[in-house]
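Each chain, letter by letter, is given below.
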Amino acid sequence: MKGTVHYEARGNVALLTIDNPPVNPLSSGVRAGLDEGVKKALADDAIEAIVLTGAGRAFIAGADISEFGGEAKGPSLGECLELMENSSKPIVAAINGTAFGGGLEVALCCGYRVAAPSAPVGLPEVKLGLLPGAGGTQRLPRLIGAEKALQFILTGEPCPGPQAKALGIVDEIIEGDIVEGGIAYAQNLVKEGAGNRKVRDLTDKVEADRGRDEIFTAARKLAAQRMRGQFAPEMIIQCVEAAVNSDDFDAGMAVERDRFVKCLNHPQRQAMIHIFFAEREVAKIPDIPRDTELHDIQTAGVVGCGTMGGGITMCFANAGIPVTVLEMDEEALKRGLGVIKRNYDIQASRGRMSEADVDKRMALITGTTKHEDLGQADIIIEAIYENIDVKVETFKKLDAIAKPGAMLASNTSGLDVDKMADATSRPELVCGMHFFSPANIMRLLEVVRGAKSSKSTIATAMQLGKRLSKIAVLSGNAPGFIGNRMLAGYTGQAGEIILQGATPYQVDSVIQGFGMPMGPFQMADLVGLDLGWRARKLAGMKPEDVPITARVADKLCELERFGQKNNRGYYIYPEGSRAGQPDPEVVEIVEQTSTELGMSRRAISDEEVLKRCLYPLINEGARILEEGIALRPCDIDIVYINGYGFPATVGGPMFWADQQGLDNILADIKRFGEEYGEAKWKPAPLLEKLVAEGKNFASLQG
Ligand code: 3H9
């Protein structure tokens with residue numbers, strides 16, 4: 001059994017310390033220890049109160065997520081909680097650190113709760129496709145009211161101790177030693193003759209909320225806006241409704257149990273728990289030990305203050321790291337810094353940061369037009385436009401001015417990092433750090449390992465990603481890295497499908513229906529159709545040499561339809577709106593292009609649209625794995641969820657592929673090959689091998 005609970009008598013108080021490193025989840029051994037410890041304390045006449053705390057950095061991180069789906073051993077959490085709530089002696093939860101999910105639910109079954117100022121409490125189950133299933137949906141509304149409880153449970157966001165006190169979740173904040181403070185608090189209760197208390201007996205808050213339907217209407221609106229397609233939020237709302245609509249606590253608990261099991265059995269739960277573990281797995285690089293020495297990064301330099309460079313600069317300022325940003329001339333610098341300031345001002349106007357925070361962050365940013373001013377930076381990130389020759393020249397210059405030992409990284413989205421490294425005298429200190437636009441918002445960071453990147457360079461880049469609040473995934477150095485390489489087949493198929501009979505609007509609607517925030521044509525409008533068009537013109541490409549999948553976009557550009565930037569692309573954007581409306585003129589252009597190419601049009605089913613857009617991702621993903629560009633299938637899942645809007649509810653493309661059955665996918669790929677050309681639909685050897693062996697991508701996780 002995993003985990004234990006230490007029992008210690010401190011005078012008339014029994015101190016129970018949960019010990020299940022590193023974050024004390026409620027594994028079988030912890031539940032058994034709780035059951036045993038509380039019974040022992042209750043049976044001992046010398047003990048008059050109980051204090052419950054956690055060893056190490058957490059109080060309790062919640063239920064043991066790795067136990068879901070398996071057979072539960074030892075006493076259930078429900079049994080432990082019943083014992084605690086019915087205790088004749090007061091129990092004080094001394095919340096020393098993180099109290100999440102089942103951990104907070106344990107605390108809610110203690111009569112009293114005190115917390116360290118730094119201890120976050122939260123019910124983040126929704127992020128795992130679950131709901132608080134140990135009474136959280138019933139007790140929290142009784143303690144703080146339905147409106148606040150719903151906000152707390154639906155967002156799953158943690159709040160620090162003092163905020164928890166203000167909400168009424170915690171009785172007191174203890175400065176100094178939380179265990180000693182908890183024991184003193186318990187002894188005081190004994191002195192005052194206070195008995196144990198039960199949250200389940202509180203009725204005033206839920207009675208006051210009864211009949212206030214607007215609370216639930218607002219919660220459903222929040223769920224529809226922020227959690228589109230998720231199963232758990234509606235289940236959570238139903239549980240809280242049950243808490244409000246009846247005085248019968250046990251009836252509410254029955255509703256919670258029913259909805260919890262529904263969530264537990266839902267495929268979204270499995271997918272979202274896969275993501276939870278995948279997010280932690282990607283940080284582990286088999287040949288780079290956790291204790292690898294890191295370069296000390298105290299200051300940073302960024303080359304380029306355009307969209308990407310400006311966003312990266314903000315990332316450093318947000319993390320409190322002083323950053324110098326270089327532009328070619330004063331005008332470009334002024335423009336770039338102006339955009340950064342405007343972005344911060346917008347955040348301040350929306351209440352996301354204070355004016356003082358804006359000033360603090362701007363004070364961390366220094367603009368310059370001289371390369372030498374980056375000379376003292378511990379790391380310099382190049383974020384200029386995608387041209388390998390210009391990047392190589394830039395790396396030569398940076399190598400000349402950077403101090404010895406400074407790291408140099410490129411924000412390239414797919415160019416050869418080794419070519420840049422080889423232009424320097426320090427290739428071991430060079431790697432790729434590919435941010436996603438907008439860099440200050442998107443969570444993904446692809447760290448690209450060059451042939452000569454040292455282990456400490458890679459470990460530092462991965463760790464720096466964490467400091468910048470990113471999720472860093474390691475990629476090998478190959479064109480397009482992980483994400484953009486896979487994307488080529490997806491956008492290529494979208495372009496082909498519309499020439500064969502679908503409209504851009506059908507394709508976008510299918511992809512959105514799958515759960516992506518936008519389809520490929522909405523995405524193209526956002527990025528700008530003119531980028532590719534201009535590049536082709538600049539390269540002197542003849543119209544007949546333009547790939548057929550880019551013909552429609554080029555025609556739209558000839559009509560000055562560049563996308564969102566000038567309110568017309570595949571869609572028409574009413575002034576000031578980012579919600580595009582379909583345009584019959586575009587459908588005509590698509591049809592005309594099919595005719596010019598001699599392609600006959602037919603109705604294409606939504607199912608075919610979905611498979612033809614998504615299967616290239618999976619097929620290319622298999623190649624990327626085979627070539628060792630991605631370390632594990634879960635690395636690809638994390639890239640796609642955090643960089644490309646793949647729905648978390650299906651667990652990422654490789655996890656989703658396993659759910660579809662790799663044999664089914666391979667059969668479809670072969671069929672598409674016969675219909676649309678074998679070259680584009682050549683199955684990846686790894687996919688064929690896995691199917692032949694009856695295995696799936698998960699079998700490669702190790
Ligand atoms: C729940 O409680 C349901 C109940 O309502 C109803 C029950 C009936 N279980 O993140 P870290 C592992 S659902 C198992 O790197 P940090 C994690 O995988 C649960 N393992 O550290 C990692 O392992 P490894 C609701 C867990 O300091 C190691 O611990 N609770 C659990 O950056 C360190 O984790 C949650 O959703 C767990 N519950 O962050 C909380 N938690 O080293 C989920 C962590 O092998 N956890 N591990 O890779 C978290 O949010 C963060 O882990 C936490 C620590 C903030 C606690």
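Because the structure is predicted, anything quoted here is derived from the model rather than measured. (Residues numbered from 1 in each chain as written. Predicted model: local features only at pLDDT ≥ 70, side-chain atom pairs only at ≥ 80, totals over all residues. Heavy atoms only, no water.)

1. Side note on the overall build of the protein chain
Then step 1. Looking only at helices and strands, the protein chain features 29 helices and 20 strands.
Then step 2. By the compact-globule yardstick of 27 Å for 702 residues, the protein chain fits well, its C-alpha radius of gyration being 28 Å.
Then step 3. Based on the C-alpha atoms only, the size of the protein chain along its principal axes is roughly 90 × 60 × 55 Å.
Then step 4. For the protein chain, the residues scored as buried account for 53% of the 702 residues in total.
Then step 5. For the protein chain, contacts bridging at least 24 residues in sequence account for 73% of all contacts bridging at least 6.
Then step 6. Surface accessibility of the protein chain: about 30000 Å² in total, with carbon and sulfur atoms responsible for 52%.
Then step 7. The protein chain carries 77 positive and 94 negative side-chain charges, and their two centres are separated by 1 Å. (Helix = DSSP H or I, 4+ residues; strand = E, 2+ residues; numbered from the N terminus. Rg over C-alpha atoms; globule rule 2.2 N^0.38 Å. Buried < 20%, exposed > 50% of the residue type's maximum accessible area, 1.4 Å probe, protein only. Contact = heavy atoms within 4.5 Å. Areas by Shrake-Rupley, 256 points an atom, 1.4 Å probe, with all protein chains shown as cover. Lys, Arg positive; Asp, Glu negative; His and termini not counted. Charge placed at Lys NZ, Arg CZ, Asp CG, Glu CD.)

2. Regarding the site of the ligand
Then step 1. In the neighbourhood of the ligand, 26 residues make up the surrounding shell, with Arg57, Glu105, Glu125, Arg280 and Lys284 lying closest.
Then step 2. In the environment of the ligand, an oxygen atom lies 2.6 Å from a nitrogen or oxygen atom belonging to the side chain of Glu125.
Then step 3. Within the backbone of Gly133, one N or O atom sits 3.1 Å away from an oxygen atom of the ligand.
Then step 4. When the free accessible area of the ligand is taken as 1000 Å², the share hidden by the protein chains comes to 77%.
Then step 5. Those elements that place two or more of their residues in the shell around the ligand are helix H3 (102–108) and helix H12 (267–281). (Near = heavy atom within 4 Å. Polar contact = N/O pair within 3.5 Å; in protein donor to acceptor, adjacent residues only side chain to side chain.)

3. Some points on the sheet that holds strand E8 (residues 120–122)
Each strand in a sheet pairs with its neighbour through backbone hydrogen bonds, running either in the same direction (parallel) or in the opposite one (antiparallel).
Then step 1. The strand order across the open sheet built from 4 strands is E4-E6-E8-E9, with neighbouring strands paired in mixed fashion. One side of each edge strand has no neighbouring strand; the edge strands of this open sheet are strand E4 (58–60) and strand E9 (159–160). (Pairing = 2+ DSSP bridges.)

4. Quick look at unusual backbone geometry
Then step 1. Look at the link from Pro21 to Pro22: it is a cis peptide, with omega at 0°.
Then step 2. A cis amide bond links Ser437 to the next residue, Pro438, at an omega of -5°.
Then step 3. With respect to the helices and strands, the residue Pro438 is situated in the loop between strand E16 (430–435) and strand E17 (444–449).
Then step 4. At Asn567, a position not held by glycine, the phi torsion is positive, near 65°.
Then step 5. With respect to the secondary-structure elements, Asn567 resides in the loop between helix H23 (551–558) and strand E19 (571–572).

5. Thoughts on the packing of aromatic side chains
Then step 1. Within the structure shown, the criterion is met by 14 aromatic pairs.
Then step 2. Plain terms: the ring middles of Tyr505 and Tyr571 are 4.9 Å apart, the flat faces sit at 70° to each other, and that makes the pair edge-to-face. Here Tyr505 is found in helix H20 (residues 504–514), whereas its partner Tyr571 is found in strand E19, with 66 residues between them in sequence.
Then step 3. Judged by its relative accessible area of 5%, Tyr571 falls in the buried class.
Then step 4. Judged by centre distance (5.2 Å) and plane angle (75°), the rings of Phe514 and Trp656 are edge-to-face. In this pair, Phe514 is assigned in helix H20 and Trp656 in helix H27 (residues 653–660), connecting sequence segments 142 residues apart. One exposure class covers both Phe514 and Trp656, and it is buried.
Then step 5. Among the aromatic residues, ring-to-ring pairing joins Phe436, Phe514, Tyr615, Tyr640, Tyr644, Phe646 and Trp656 into one connected group.
Then step 6. Across the ring face of Phe276, the terminal group of Arg280 is positioned such that the distance to the ring centre comes to 3.8 Å.
Then step 7. Over the aromatic face of Phe562 sits the side chain of Arg534, whose NZ or CZ is 5.2 Å from the ring centroid. (Phe/Tyr/Trp six-rings, centres within 6.5 Å; stacked < 30°, edge-to-face > 60°. Lys NZ or Arg CZ within 6 Å of the ring centre and 35° of its normal.)

6. Topic: the side chain of Glu256
Then step 1. For Glu256, the position within the fold is in helix H11 (residues 249–264).
Then step 2. The charged side chain of Glu256 is buried without a salt bridge, its nearest counter-charge being Arg139 at 6.6 Å.
Then step 3. There is a polar contact of 3.4 Å between the side chain of Glu256 and the backbone nitrogen of Ala134.
Then step 4. For Glu256, the contacting residues outside a window of four places in its chain are Leu131, Pro132, Gly133, Ala134, Gly135, Gly136, Thr137, Gln138 and Cys239. (Salt bridge = Lys/Arg side-chain N within 4 Å of Asp/Glu carboxyl O.)

7. Notes on the sheet that holds strand E5 (residues 91–95)
Then step 1. The 6 strands are arranged E1-E2-E3-E5-E7-E10 in an open sheet whose pairing can be described as mixed. Two strands lie at the open edges of the sheet, namely strand E1 (4–10) and strand E10 (172–173), each paired on one side alone.
Then step 2. Sheet topology places strand E2 (residues 13–19) next to strand E3 (residues 49–54); 6 bridges connect them, and they run parallel. Residue pairing in the sheet places Val13 in a bridge with Ala49 of E3.
Then step 3. Strand contacts of helix H7 (residues 178–192): E1, E2, E3, E5, strand E7 (112–115) and E10, with the helix running at about 160° to E5, the strand carrying the most contacts. (Axes fitted to C-alpha atoms, helices over the stretch in contact; angles between N-to-C directions.)

8. Quick notes on a nonpolar patch on the surface
Then step 1. Judged by side-chain polarity, Met523, Leu526, Val527 and Leu531 come together as a nonpolar surface patch covering roughly 350 Å² of accessible area.
Then step 2. Sorting elements by how many residues they give to the nonpolar patch places helix H21 (residues 520–527) first, with 3 residues.
Then step 3. Turning to its location among the elements, Val527 is positioned in helix H21. (Patch = residues over 30% accessible without salt bridge, like charges linked within 9 Å, V, L, I, M, F, W, Y side chains within 5 Å.)

9. A short note on the nonpolar core
Then step 1. In this structure, Leu52, Ile95, Leu140 and Leu150 are the most contacted members of the largest nonpolar core, which totals 86 residues.
Then step 2. The next biggest cluster of nonpolar side chains, apart from the first, holds 73 residues, and it includes Ala494, Ile618, Tyr644 and Phe697. (Core = buried A, V, L, I, M, F, W, Y, C linked by side-chain atoms within 4.5 Å.)

10. Here's the deal with the domain arrangement of the protein chain
Then step 1. According to the domain assignment, the protein chain contains domain 1 (4–265), domain 2 (300–477), domain 3 (484–596) and domain 4 (606–700).
Then step 2. Using only C-alpha atoms to locate each centre, domain 2 and domain 4 end up separated by 32 Å.
Then step 3. Contacts between the two partners involve 10 residues from domain 2, matched on the other side by 8 residues from domain 4.
Then step 4. Taken over both partners, the interface formed by domain 2 and domain 4 buries close to 800 Å², and the fraction arising from carbon and sulfur atoms is 66%.
Then step 5. On the surface where domain 2 and domain 4 come into contact, there are 0 salt bridges.
Then step 6. Scanning the region where domain 2 abuts domain 4 turns up 2 residue pairs in polar contact (both at pLDDT 80 or more).
Then step 7. Elements with a contribution of two residues or more to the side of domain 2 that touches domain 4: E17 and strand E18 (471–476).
Then step 8. Looking at the side of domain 2 that touches domain 4 residue by residue, the classes come out as 6 nonpolar, 2 polar and 2 charged. (Domains from an automatic or database assignment. Buried area = accessible area lost by both parts, 1.4 Å probe. Nonpolar A, V, L, I, M, F, W, Y, C, P; charged D, E, K, R; others polar.)

11. Quick word on the packing of helix H25 (residues 606–626) against helix H29 (residues 685–692)
Each pair of packed helices can be summarised by the angle the axes make with each other and by the distance between the axes.
Then step 1. At their nearest, the axes of H25 and H29 sit 7 Å apart, and the two run at 95° to each other. Relative to H29, the element H25 lies roughly perpendicular. Seen from H25, the contacting residues are Asn619, Ala622, Leu625 and Glu626; seen from H29, they are Pro685, Leu686 and Leu687.
Then step 2. For the contact of H25 with H29, the class distribution of residues is 5 nonpolar, 1 polar and 1 charged. (Parallel < 35°, antiparallel > 145°, perpendicular 65-115°, else oblique.)

12. What to know about helix H13 (residues 307–318)
Then step 1. Counted at 1.5 Å a residue, the expected span for H13 with its 12 residues is 16 Å, and the 16 Å between its end C-alpha atoms agrees.
Then step 2. Every buried residue of H13 is accounted for by Met308, Gly309, Gly310, Gly311, Ile312, Thr313, Met314, Cys315, Phe316 and Ala317.
Then step 3. Phi for Gly320, located one or two positions after H13, is positive at around 80°. (Expected span 1.5 Å × (residues − 1).)

13. Quick look at the pattern of salt bridges
Then step 1. Taken as a whole and assessed by the stated rule, the structure comprises 53 salt bridges.
Then step 2. With a shortest N-O distance of 4.0 Å, Arg280 and Glu279 are connected by a salt bridge.
Then step 3. When salt bridges with common partners are traced through the structure, they connect Glu496, Arg602, Glu608, Arg612 and Lys680 into a single cluster.

14. What about a positive patch on the surface?
Then step 1. On the surface, Arg226, Arg350, Arg352 and Arg578 cluster together into a patch of positive charge.
Then step 2. Summarising the element assignment, Arg226 is placed in helix H9 (residues 213–226).
Then step 3. Arg226 gets classed as exposed once you look at its relative accessible area, which sits at 56%.

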